[in-house]
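These are the residues of each chain, in order.
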Amino acid sequence: MLGWDWQFTLEILPRLLGGLVVTIEATITGFIIAIILGLFLALGRRSENQWIAQPIGAFVEFIRSTPLLVQLFFFFFVLPRYGLRLPAFVVGTIALGLHYGTYTSEVYRAGIDAIERGQWEAATALNFSPLRVWTGIILPQAIPPMIPALGNYLIGMFKESAQLLAITVTELMLTARVIGTETFRFLEPITMAGLLYFLLSYPSALIVQRLEARYARKS
Amino acid sequence: MHANHSQGSTTDPIVRFEKVTKAFGELTVLRELNFEVGPQEKITIVGPSGSGKTTILRVLMTLEEPNDGVIYVDGEPLWHEEKNGKLVKASEKHLRKVRGKIGMVFQHFNLFPHMTALRNVTEAPVHVLKMPKGDAEERAKMLLDQVGLGDKMEHYPAQLSGGQKQRVAIARALAMRPKVMLFDEVTSALDPELVGEVLNVIRELAEEGDMAMLLVTHEMGFAREVSDRVVFFDKGQVVEQGPPADIFDNPQSERTKAFFSAVLRH
């Protein structure tokens, strides 16, 4: 058994932090994709036109019921066969955004369903355009209570972005593993990677809990 | 069919129901209803609960689509538009044009909780009527003053009492300058001590006179006081109608008599 080497830990820390930056970039980019895509998926699923609602519903259920890794491999290994070759980071963020977009779409759906029918009726009675009903009346009320749930998915994405190592994105987890294989020491890089994940996700989870408590009090 | 009504005449009805039928599944709530509202007429609709009186207001506000029949507002069909001499289902554009002549105040207020009282009143004039924001605010302040809430403009609905909320809702509907205003049991959700302040506002509007008003209410004393005509409605049809004194003091139909004797006993 090898003991913990502080000197080595300090030496590899900058590389690990570099990996962490890639992890954060992938998470944030993926999250932006997820919250925008999720809104359109939720609106599409509510469409009165069944030719829109049904395929979107099937798509959401399919993505939600398959592992993120399948989507990563599909975009990274299958699509290039058909001429669509994208950088690993781009593939990773798109797959993350797509996967979590299906989850956030359910958050939007629940949030929109929670708006009382009377709000829609008042909006109709005042003759607002359909677009203005969404942007002025429904979404401003529906989105704030969704923030804790969206925050939980953000934290989930941050941790699951480790799977991007499977398609060679040198985020935190792959960086730690590469250091391990180069130096034959896995204890410090893997432990430190875990610690870095923890240092970001745990305080974020506390913030989300506080937001949840605040909305619970309000309603 | 009288499809060629000229618009804006002072004697033509502002609202006309022609054989309007509305059913929810097996339950028919409006049964080939024929019904007219004069341009400045104040009408109270009374009747047993579940008789469909609220549905009259809801199909007129386009919240429920009738199964059959035609509703005319200011001479134009509401749920239909004319194409090649035939009435076809109205487009969203047509619906918005005709719907703009109607306003509604709801039992449960339905104020927008994320906006102040003032913004509740300015929002539709700014975004629907495209009124400049300054003008809309000036008018909103006047209307809120009129309903006695000049000092509550920056309050959010959650900070207001039920009676205050309902008065904001009335100001909000007035801001759109409707030709017909619908009041759907607007005091039913209020604590008894707050009913008076809301009825006072409606009474003043009735006295001003230019707007047609259609009220569904259980406040019989108030109905007698403000209405030009009382309509007794039951099982999807008008059973009896006339001036308040006739309907309340000398009802002809057995159903009307039974209803009033039950209501007034309470």
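Remember, predicted model here, so these are calculated numbers, not experimental data.

So, about the pattern of salt bridges. Within the structure shown, the criterion is met by 26 salt bridges over all chains. Between Arg 45 of chain A and Glu 61 of chain A there is a salt bridge, with its nearest N and O atoms 3.1 Å apart. Taken together, the residues span a long stretch of sequence, with Arg 45 of chain A in helix H1 (residues 6-46) and Glu 61 of chain A in helix H2 (residues 50-64) at a distance of 16 residues. Overall, the relative accessible area of 31% leaves Glu 61 of chain A in the partly exposed class. Among the ionic pairs, Glu 121 of chain A bridges to Arg 58 of chain B, the shortest N-O distance being 2.6 Å. Of the two residues, Glu 121 of chain A is situated in helix H5 (residues 117-125) and Arg 58 of chain B in helix H1 (residues 53-60); the pairing between them involves two chains. One exposure class covers both Glu 121 of chain A and Arg 58 of chain B, and it is buried. Within the structure, one salt-bridge network assembled from shared partners comprises Arg 45, Glu 61, Arg 64, Glu 106 and Arg 109 of chain A.

Turning next to the nonpolar core. Phe 128 of chain A together with Phe 17, Phe 35, Leu 60, Ile 71, Leu 182 and Leu 214 of chain B are the most contacted members of the largest nonpolar core, which has 72 residues in total. Leaving out residues up to four positions away in the same chain, Phe 35 of chain B has contacts with Val 15, Arg 16, Phe 17, Ile 43, Ile 56, Leu 214, Arg 229, Val 231 and Val 238 of chain B. Ranked by size, the runner-up nonpolar core spans 37 residues in total, among them Leu 118, Leu 199, Met 213 and Val 226 of chain B.

This part is about the interface of chain B and chain A. Taken together, the contacts link 25 residues of chain B with 18 residues of chain A. A buried area of about 1800 Å², summed over both sides, lies between chain B and chain A, and 61% of it is on carbon and sulfur atoms. Between chain B and chain A we count two salt bridges in total. Taken together, chain B and chain A are joined by eight residue pairs in polar contact (both at pLDDT 80 or more). Looking at the side of chain B that touches chain A, the elements that each hand over two or more residues are helix H2 (92-99), strand S8 (102-105), helix H3 (117-127) and helix H5 (162-174) of chain B. With four residues, H3 of chain B is the single largest residue contributor to the side of chain B that touches chain A.

A word on the packing of aromatic side chains. Residue and element names in this part refer to chain B. Counted under the stated rule, the structure contains 16 aromatic pairs over all chains. For the pair Phe 248 and Phe 260, a centre-to-centre distance of 5.1 Å together with 55° between the ring planes defines the contact as tilted. In this pair, Phe 248 sits in helix H8 (residues 244-249) while Phe 260 sits in helix H9 (residues 254-265), placing the two residues 12 residues apart along the sequence. Classification of Phe 260 by relative accessible area gives buried; the value is 4%. One aromatic cluster is present, formed by Phe 232, Phe 248, Phe 259 and Phe 260 through successive ring pairs. Of note, Arg 16 hangs over the ring of Tyr 72, and the distance from its end group to the ring centre comes to 4.6 Å.

Helix packing for two helices is described by the angle between their axes and how far apart those axes are. Residues and elements named next belong to chain A. The geometry of H2 relative to helix H4 (residues 88-113) is characterised by a closest axis approach of 9 Å and an angle of 120° between their N-to-C directions. One element, H2, and the other, H4, form an angle in the oblique class. The handedness of the crossing between H2 and H4 comes out as left-handed. Contact residues: H2 offers Phe 59, Val 60, Ile 63 and Arg 64, while H4 offers Leu 98, His 99, Thr 102, Tyr 103, Ser 105 and Glu 106.

The next point concerns the sheet that holds strand S1 (residues 15-24) of chain B. Residues and elements named next belong to chain B. In spatial order, the strands read S2-S1-S4-S5; together these four strands make up an open sheet with antiparallel pairing. Two strands bound the open sheet, and with one partner strand each, they are strand S2 (27-37) and strand S5 (76-77). As judged from the five bridges shared by S1 and strand S4 (residues 68-73), these two strands associate in the antiparallel manner. Paired with Val 15 across the two strands is Val 73, which belongs to S4. Docked against the sheet, H1 engages S1, S2 and S4, running at close to 110° with respect to S1.

On to the environment of Pro 113 of chain B. Structurally, Pro 113 of chain B is set in the loop between S8 and H3. Between the alpha carbons of Pro 113 of chain B and Gln 252 of chain B there is a distance of 46 Å; along the sequence they are 139 residues apart. Other than its neighbours up to four places away in sequence, Pro 113 of chain B contacts Gln 119 and Gln 141 of chain A together with Tyr 156 and Pro 157 of chain B.

Time to look at the pairing of strand S6 (residues 80-83) of chain B. On a regular strand, one side chain projects to one face of the sheet and the next to the other, so that they alternate. Residues and elements named next belong to chain B. Two strands pair when backbone bridges link them, and S6 and strand S7 (residues 86-89) are joined in this way by four bridges, in the antiparallel orientation. Bridging from a neighbouring strand, Glu 82 pairs with Leu 87 of S7. What sits between the antiparallel neighbours S6 and S7 is a turn of two residues, in which Asn 84 has the positive phi angle 50°.

This brings us to the environment of Val 201 of chain B. Residue and element names in this part refer to chain B. On the secondary structure map, Val 201 appears in helix H6 (residues 192-208). When the C-alpha atoms of Val 201 and Pro 178 are compared, they prove to be 16 Å apart, with 23 residues separating the residues in sequence. Among all residues touching Val 201, those that are not within four sequence positions of it are Val 147, Arg 167 and Ile 170.

Residues and elements named next belong to chain A. Two elements in contact, H5 and helix H6 (residues 130-160), have axes whose closest approach is 11 Å; the angle formed by their N-to-C orientations is 160°. The angle between the axes of H5 and H6 places the two elements in the roughly antiparallel class. Regarding H5 and H6, the two cross each other, and that crossing is right-handed. Seen from H5, the contacting residues are Gln 119, Trp 120 and Ala 123; seen from H6, they are Val 133, Trp 134, Ile 137, Ile 138 and Gln 141. Its residues assigned to classes, the contact of H5 with H6 comprises six nonpolar, two polar and no charged.

Thresholds, definitions, all that
Think of each chain on its own: its residues are numbered from 1, step by step along the sequence as written. Think of it this way: whatever chain is written first is A, whatever ligand is written first is 1, and the rest follow in order. Local features in a predicted model are, by the rule used here, given only for residues with pLDDT of at least 70; side-chain atom pairs are given and counted only at 80 or more, and totals for whole chains, interfaces and linings are based on all residues. Only hydrogens and water are set aside when side-chain values are computed; all heavy atoms of the structure are taken into account. Just to be clear on terms, a salt bridge is a Lys or Arg side-chain nitrogen sitting within 4 Å of an Asp or Glu carboxyl oxygen. Here a strand is any run of E in DSSP of at least two residues, a helix any run of H or I of at least four, and the numbering for each starts at the N terminus. Categorising residues by exposure relies on relative accessible area from a 1.4 Å probe, with only protein chains included: less than 20% of the type maximum marks a residue as buried, more than 50% marks it as exposed, and the intermediate range marks it as partly exposed. Here, the term nonpolar core denotes a set of buried Ala, Val, Leu, Ile, Met, Phe, Trp, Tyr and Cys residues that are joined through side-chain atoms within 4.5 Å. The criterion used for residue contact is that any of the two residues' heavy atoms lie within 4.5 Å. The buried area of a pairing is the accessible area, by a 1.4 Å probe, that goes missing from both parts when the two are put together, added over both. Pairs of N or O atoms within 3.5 Å make up the polar contacts considered here, provided that, within protein, one atom can donate a hydrogen while the other can accept it, and that residues adjacent in sequence are counted only when both atoms are side-chain atoms. Whether two aromatic rings pair depends on their centres lying within 6.5 Å, for rings of Phe, Tyr and Trp, where Trp uses its six-membered ring; planes under 30 degrees apart make the pair stacked, over 60 edge-to-face, and the rest tilted. Counted as over-ring charges are cases with an Arg CZ or a Lys NZ within 6 Å of the ring centre that also lie within 35 degrees of the ring normal. Angles shown run from 0 to 180 degrees and are taken between the N-to-C directions of axes, each axis being a line fitted to C-alpha atoms and, for helices, limited to the stretch in contact. In this scheme, roughly parallel covers angles under 35 degrees and roughly antiparallel covers those over 145, while 65 to 115 is roughly perpendicular and the rest are oblique. Helix crossings fall into two classes, left-handed where the near helix is turned counterclockwise from the far one by less than a right angle and right-handed where it is turned clockwise. By this definition, two strands are paired if DSSP reports at least two bridges between them. Basically, the charged four are Asp, Glu, Lys and Arg, the nonpolar ten are Ala, Val, Leu, Ile, Met, Phe, Trp, Tyr, Cys and Pro, and anything else, Gly included, counts as polar.

Take it as geometry only, folks, not as evidence of what the structure does.
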